Amino acid sequence: MTTLTPDQEAALLAELAAACREAGYVVEAIDRGLEVSGGEEEGAFYLLPDHGWLQARCLVLDPEDLDEARDLTALFETVARAQFRLIGCRFGFDPGSGLWLIEDLYPGFEAGKVPAVLEQLSFVWDALEDLFETALSGTVPGEDAFDAAFDLEAATPPN
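Because the structure is predicted, anything quoted here is derived from the model rather than measured.

### Here we look at the pattern of salt bridges
Counted by the stated rule, this structure contains six salt bridges. Residues Glu143 and Arg81 are paired through a salt bridge, measuring 3.8 Å at the closest nitrogen-oxygen approach. Here Arg81 lies in helix 3 (residues 73-84) and Glu143 lies in helix 5 (residues 143-149), a separation of 62 residues in the sequence. Since its relative accessible area comes to 42%, Glu143 is described here as partly exposed. Salt bridges here are not isolated pairs; linked through shared partners, they connect Glu77, Arg81, Arg85, Glu143 and Asp147.

### Looking at unusual backbone geometry
Of note, His51 is a non-glycine position whose phi angle comes to about 55 degrees, a positive value. For His51, the position within the fold is in the loop between strand 3 (44-50) and strand 4 (53-61).

### Digging into a negative patch on the surface
The grouping of Glu64, Asp67, Glu68, Asp126, Glu129, Asp130 and Glu133 at the surface amounts to a negative patch. The set of elements that each furnish at least two residues to the negative patch consists of helix 2 (63-67) and helix 4 (114-136). For the negative patch, the element with the highest residue contribution is helix 4, accounting for four residues. Secondary-structure assignment places Asp130 in helix 4. For Asp130, a relative accessible area of 60% corresponds to the exposed category.

Definitions and cut-offs
Residues numbered from 1 in each chain as written. Predicted model: local features only at pLDDT ≥ 70, side-chain atom pairs only at ≥ 80, totals over all residues. Heavy atoms only, no water. Salt bridge = Lys/Arg side-chain N within 4 Å of Asp/Glu carboxyl O. Helix = DSSP H or I, 4+ residues; strand = E, 2+ residues; numbered from the N terminus. Buried < 20%, exposed > 50% of the residue type's maximum accessible area, 1.4 Å probe, protein only. Patch = residues over 30% accessible without salt bridge, like charges linked within 9 Å, V, L, I, M, F, W, Y side chains within 5 Å. Areas by Shrake-Rupley, 256 points an atom, 1.4 Å probe, with all protein chains shown as cover. Lys, Arg positive; Asp, Glu negative; His and termini not counted. Charge placed at Lys NZ, Arg CZ, Asp CG, Glu CD.

Printed below as a string of structure tokens:
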């Protein structure tokens, strides 16, 4: 594992903040990293450095959302189906803070490309939001619903 010195981590955070601000995001320092948002009405991303890696994450469902569900079985099956589609990121679940969409960036990533990662996370969340609402009501969305969420058409056999 790569361990960054406090000065290296501060430089990394400064570089990330500059890249995100240049892309039009609002950036604030938080305890372990940066909070990045599109403004007051937009959701936030969290950039958290860890041993040279960077975790970019956004909250998908908070504990209050999860409390509304009678059972989380449909939600977890929906998460598994979404993950199976190789969406380019992963999910993390913590009972205390909720369901997160996460991208892990390897040591040496280019800070200037982080805004594109945030756009990817936004796209995935926007595509899956309605499916997760359905899952919270206890219904696992079908494959057609996943295809529609990502604007895909079902494959047809060749002639």
